[in-house]
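# Inside the fold
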Amino acid sequence: MQIPRTMRAIEITEPGEPEVLVIGTRAVPPVGAGDLLIRVAAAGVNRADVMQRRGSYPPPPGASDVLGLEVSGTVAAVGEAVSGWRVDDAVCALLAGGGYAEYCAVPAPLCLPVPGGIDVVDAAALPEVVLTVWTNVFERGRLTAGETLLVHGGSSGIGTMAIQLARAFGSRVFVTAGSAEKCAACEALGADRAVNYRETDFVEAVREAARDGGVDVILDMVGRDYLQRNLDLLNVDGRLVIIALMSGATAEVNLATLMRRRLLVTGSTLRARTVEQKTAVVDAVRKRVWPLFETGRVRPVIHQRLRLAQAAEAHRVMEASTHIGKLLLVT
Ligand SMILES: NC(=O)c1ccc[n+]([C@@H]2O[C@H](COP(=O)([O-])OP(=O)(O)OC[C@H]3O[C@@H](n4cnc5c(N)ncnc54)[C@H](OP(=O)(O)O)[C@@H]3O)[C@@H](O)[C@H]2O)c1
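Numbers given to residues run from 1 along each chain, matching the order in which its sequence is written. In keeping with the predicted nature of the model, local features appear solely for residues at pLDDT of at least 70, side-chain atom pairs appear and are counted solely at 80 or more, and the whole-chain, interface and lining totals rest on all residues. In computing side-chain properties, one takes all heavy atoms of the structure into account and sets aside hydrogens as well as water.

### Description of the pairing of strand 9 (residues 172-177)
Each residue is placed in one exposure class: buried if its accessible area under a 1.4 Å probe, protein chains only, is under 20% of its type's maximum, exposed if it is over 50%, and partly exposed if it falls in between. Secondary structure elements follow DSSP: runs of H or I of four or more residues count as helices, runs of E of two or more count as strands, with numbering from the N terminus. Within strand 9, five of the six residues are buried, which leaves it mostly tucked inside the rest of the structure. Strands qualify as paired when DSSP identifies two bridges or more between them. Pairing between strand 8 (residues 148-151) and strand 9: four bridges, direction parallel. Directly across from Thr148, in strand 9, lies its bridge partner Arg172. Handedness of a crossover is defined as follows: orient the strands so they point away from the viewer, and if the path from the first strand over the helix to the second runs clockwise, the crossover is right-handed. Traced from strand 9 through helix 4 (residues 180-189) to strand 10 (residues 193-196), the parallel crossover comes out right-handed.

### Observations regarding the packing of aromatic side chains
Two measures describe an aromatic ring pair: the distance that separates the ring centres and the angle between the ring planes. Each pair of aromatic rings taken from Phe, Tyr and Trp, with Trp reduced to its six-membered ring, is defined by centres within 6.5 Å and is described as stacked if the planes are under 30 degrees apart, edge-to-face if over 60, and tilted in the remaining cases. All told, the structure shown has five aromatic pairs when counted by the stated rule. The interplanar angle of 50° and the centroid separation of 4.7 Å between the aromatic rings of Phe202 and Tyr226 together place this pair among those described as tilted. Taken together, the residues Phe202 in helix 5 (residues 202-210) and Tyr226 in the loop between strand 11 (215-220) and helix 6 (227-233) connect sequence positions 24 residues apart. Summarising the burial analysis for this pair, Phe202 and Tyr226 share the class buried. Centroid distance Trp290 to Phe293: 5.3 Å. Interplanar angle 80°. Geometry classified as edge-to-face. Taken together, the residues span about one helical turn, with Trp290 and Phe293 both in helix 9 (residues 290-294) at a distance of three residues. Under the relative-accessibility criterion, Phe293 is labelled buried at 2%. By way of ring pairs, the aromatic residues Trp134, Phe138 and Phe169 are connected into one cluster.

### Structural notes on helix 3 (residues 157-168)
Expected span of a helix, by definition, is 1.5 Å for each gap between consecutive residues, and there is one gap fewer than residues. In this model, helix 3 (12 residues) spans 17 Å end to end at C-alpha, consistent with the 16 Å of a helix rising 1.5 Å per residue. Most of helix 3 sits inside the fold, with 10 of its 12 residues counted as buried. Residues of helix 3 that are buried: Gly157, Ile158, Gly159, Thr160, Met161, Ala162, Ile163, Gln164, Leu165 and Ala166. Just past helix 3, the residue Gly170 takes up positive phi, approximately 95°.

### Considerations on the nonpolar core
Nine residue types can take part in a nonpolar core, namely buried Ala, Val, Leu, Ile, Met, Phe, Trp, Tyr and Cys, and a core is a set of them joined through side-chain atoms within 4.5 Å. Grouped together as the largest cluster of nonpolar side chains are 78 residues, with contacts concentrated most on Tyr100, Val130, Met161 and Phe293. Delimitation of the domains relies on an automatic or database domain assignment. Of the residues that make up this core, three or more belong to each of domain 1 (6-126 + 271-330) and domain 2 (130-267). Not counting residues up to four positions away in its chain, the partners in contact with Phe293 are Pro115, Gly116, Ile118, Leu126, Val130, Met161, Val298, Arg299 and Pro300. By size, the runner-up hydrophobic cluster in this structure holds 20 residues, among which are Ala205, Val215, Ile218 and Leu231. Residue contacts are defined here by distance: any two heavy atoms, one from each residue, within 4.5 Å place the two residues in contact.

### Focus on the domain arrangement of the chain
The domain architecture assigned to the chain consists of domain 1 (6-126 + 271-330) and domain 2 (130-267). When each unit is reduced to the centre of its C-alpha atoms, the spacing between domain 1 and domain 2 is 27 Å. Each side of the interface is counted separately: domain 1 has 23 residues, and domain 2 has 19 residues. Here the quantity called buried area is the total loss of accessible area, with a 1.4 Å probe, experienced by two parts when brought into contact, counted for both. When domain 1 packs against domain 2, the two sides together hide about 1,900 Å² of surface, and 69% of this comes from carbon and sulfur. Of all residues in domain 1, Val281, Arg288 and Ile324 give up the largest surface area on contact with domain 2, accounting jointly for 24% of the area buried on that side. The working definition used for a salt bridge is a side-chain nitrogen of Lys or Arg within 4 Å of a carboxyl oxygen of Asp or Glu. The interface formed by domain 1 and domain 2 holds zero salt bridges in total. Polar contact is the term for a pair of N or O atoms within 3.5 Å; when the atoms are in protein, one must be able to donate a hydrogen and the other to accept it, and sequence-neighboring residues count only if both atoms are side-chain atoms. Linking domain 1 with domain 2 are five residue pairs in polar contact (both at pLDDT 80 or more). Where the side of domain 1 that touches domain 2 is concerned, the elements lending two or more residues are helix 8 (275-288) and helix 9. Among the elements that take part in the side of domain 1 that touches domain 2, helix 8 stands out by supplying five residues, more than any other. A per-class count over the side of domain 1 that touches domain 2 returns 14 nonpolar, four polar and five charged. Amino acids outside the nonpolar list (Ala, Val, Leu, Ile, Met, Phe, Trp, Tyr, Cys, Pro) and the charged list (Asp, Glu, Lys, Arg) are all regarded as polar, and Gly is one of them.

Right under this line is the structure:
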């Protein structure tokens, strides 16, 4: 198929509410020697896109200013230094930006084959959440079989993947979520206990469900308001991994808690890492996690597929927080 010179892409007219997202025309990006050019089938929508739209999360230097941190589709062109990929291969990829468009160019090491049994559109739901969960829960948090995990925001894109991967690797999982419907969805995905944090104190409820006092690892996206309670809930040698700060970034804690129970507090962002650092995570995920999709043990949870031109509506849904799992923009 011929590659056009221009493409449809979502533009941000100015920082603001969802209606600043409009469909525009951009040049199809050039393919670097180490890149794949992807003909996008779908782009995943992430909470970070909402922050970027509002102007509070600028793209890193060198990245496209078009929103979109993950896509799926087919290979449209292969950079001259790339081996192992052919035109028309089904692919999904982690991007530093540029996914809300009909084409995007990506360093080949950040591309993964669409797993067997997964629809090419649905594969857009995988890269950002799988890589984030892997590097935070399993690499930084060092969750191992037999340990327990608490995931805040269990019904989020990230949460729905964290539940399934932790279960697949032999852990018991507890989650918090903001409604009875979300809690039921999390338990259907494999969570041992989902706590509606709007009605029930999660510390007491998780303590009771965990039976041995606390949990070994917590994946947190709330930040300030949960920090001391998270520390209170960790077992000896427990690990708290922070990936977002939805309630605020600064907090006061009782440091004695860390010493008494030998706790570790860590966190990370994915987007700011170098291509080499991201490649290491992609390689680990391809080896350890991709086979779980092939066998159907783990699956992407898709809340809604919208058209690319409906990017504003997708952001409204995400900000209303009524979704369970991922939102996709289909080209
Ligand atoms: N550090 C990284 O590398 C990295 C990478 C990817 C994502 N993230 C972060 O991970 C989070 C999840 O991402 P996503 O794309 O999966 O987003 P998402 O689907 O929109 O999930 C956000 C979740 O947060 C919950 N929530 C919202 N406000 C809350 C509050 N004040 N207190 C408690 N829970 C709240 C919502 O559930 P309820 O309605 O049930 O409260 C929702 O399920 C985002 O904050 C994102 O920025 C970080």
